[in-house]
Amino acid sequence: MVIVGGGVHGLATAYYLARNHGITNVAVLEKSYIGSGGSGRNTAILRSNYLTPDGVRFYDRSLKLYERLAAELNYNVMFSRRGHLTLAHNDSSLRTMRWRAEVNKASGVDSEVIGPADIKKLVPFMDTSERARYPILGALYHPPGGIIRHDAVVWGYARAADAMGVHVHQDTELTGIDVEQGRVTGVRTSRGSIATRVVVNCTAGWSTLVANLAGVRLPVQTFPLQAAVTEPVRPFLDTVVVSGTLHVYVSQTDRGELVFGASVDPFASYSTRGTLEFVEGLAGHVLQLMPSLSTLRLLRQWAGLCDMTPDFAPIMGHTEVDGFLVDVGWGTYGFKAGPVAGETMAECVATGRTPELISAFGLRRFADGSLVGEKGAAAVGH
Ligand code: PYC
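Here the structure is a predicted model, which is why all the values come from computation and not from measurement.

**So, the site of the ligand**
Around the ligand lies a shell formed by Thr43, Ile45, Arg47, Tyr249, Thr332, Tyr333, Lys336 and Ala379. A distance of 2.6 Å separates an oxygen atom of the ligand from a polar side-chain atom of arginine 47. The separation between an oxygen atom of the ligand and a polar side-chain atom of lysine 336 is 3.2 Å. Relative to its unbound accessible area of 250 Å², the ligand is 95% covered by the protein chains. Tallied by class, the residues present in the shell around the ligand amount to four nonpolar, two polar and two charged.

**Structural notes on the layout of surface pockets**
By volume, the second largest pocket amounts to about 420 Å³. Along the wall of the second largest pocket there are 19 residues; nearest its centre are Arg149, His150, Thr253, Arg255 and Val259. Of all the elements in the fold, those that place two or more residues in the lining of the second largest pocket are helix H6 (150-163) and strand E18 (298-308). When the residues that make up the lining of the second largest pocket are grouped by side-chain class, the tally is seven nonpolar, six polar and six charged.

**Focus on the environment of arginine 234**
With respect to the secondary-structure elements, arginine 234 resides in the loop between strand E14 (221-230) and strand E15 (240-243). According to the relative accessible area criterion, arginine 234 is exposed, its value standing at 73%.

**A look at unusual backbone geometry**
In terms of backbone geometry, most residues other than glycine have negative phi values and most peptide bonds are trans. The backbone of alanine 44 shows a phi angle near 55°, a positive value even though the residue is not glycine. Among the structural elements, alanine 44 can be located in the loop between strand E2 (27-29) and strand E3 (45-46).

**Describing the sheet that holds strand E12 (residues 192-195)**
What the three strands build is an open sheet, ordered E10-E11-E12; its pairing is antiparallel. Lying at the two open borders of the sheet, with one neighbouring strand each, are strand E10 (174-180) and E12. With strand direction ignored, the average angle separating the axes of adjacent strands in the sheet is 20°. Both E10 and strand E11 (residues 183-189) contribute to a ladder of six bridges, which runs antiparallel. Counterpart to isoleucine 177 in the pairing with E11 is valine 187.

Definitions and limits used
- Residues numbered from 1 in each chain as written.
- Predicted model: local features only at pLDDT ≥ 70, side-chain atom pairs only at ≥ 80, totals over all residues.
- Heavy atoms only, no water.
- Near = heavy atom within 4 Å.
- Polar contact = N/O pair within 3.5 Å; in protein donor to acceptor, adjacent residues only side chain to side chain.
- Areas by Shrake-Rupley, 256 points an atom, 1.4 Å probe, with all protein chains shown as cover.
- Nonpolar A, V, L, I, M, F, W, Y, C, P; charged D, E, K, R; others polar.
- 1 Å grid on protein atoms, 1.4 Å probe; cavity = no way out; pocket = protein on both sides within 12 Å on 5 of 7 lines; lining within 4 Å.
- Points joined across faces, edges and corners; volume = space filled by probe spheres on them.
- Helix = DSSP H or I, 4+ residues; strand = E, 2+ residues; numbered from the N terminus.
- Buried < 20%, exposed > 50% of the residue type's maximum accessible area, 1.4 Å probe, protein only.
- Pairing = 2+ DSSP bridges.
- Axes fitted to C-alpha atoms, helices over the stretch in contact; angles between N-to-C directions.

In structure tokens:
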């Protein structure tokens, strides 16, 4: 079978096909180098504190797979459980945090709403006083959340899949998908053709273009999401902090750098260039939250592409073309879903059945009107 996209989703799908189902006749096609797309362009935040029961169960499984990934792959992916705080600066976000906490707890996921005094204990340098320009009323605290080394995740899955016989073809662009009488028969690439009955679209940014090659239309729009990193400083922040109201999230890596992100860019585009407008907005918001960071220098910035669906939940599973499957539409949630997406897509391909964990995420839901509604769990505004 052929997997399109050599990011964490494609490589994890190949790995679980081989490991869980003994299927090793698999080619992963990557038009650039592995991890060059969204997998290498995110802020590596892991969490499962979602809003819908479908989302919570799904991301909880991913977090559990991430927690044991280093041991499983025998590769140091630098998983670091930090605790994850989503700040509420007004009554309506506090209400959403309470809602999320209850849905999380009902699914056995550790999350609770805490007040300013407890936030201060977790992040002592944050201004939790009522004098702040945007006073903090409370936060959703999610102890299992954390960060990981995203490149290592990609390399670990690729190495393990390769060791089981999967072929990873870098610098190989998909140029066509052959469909005869409603079923996939092969693919064409910049380096030759492959006869196959199964193609899995695990791309981000290009997911609609790849689907078009099979004649499948996806309800997806692509937006850049920018991020930036500072020079390294002594460790002082061991929690992931998110403020949806101020459009900012921040964590400190093991190297001491602060990694920041904000909202998606306001225009649909395939651009992965950083903009001055983004850094100016980011700096303003960060300093409203943490004024003491004003002397830090930004080292670099980057952008990844986010494929947004109408309900902010992914599109996974079979399509109307027999043998053409999709694992797309991840918006700003893709990296943290890599392991569970790989595990469930592999099961879907190997058994021909849709696993319960992804049954809510099928493409048909847009025709049926049974949407999932995961926008309230976004780290920042869209
Ligand atoms: O969902 O945690 C998140 C996130 C952070 C950055 C982009 N998405």
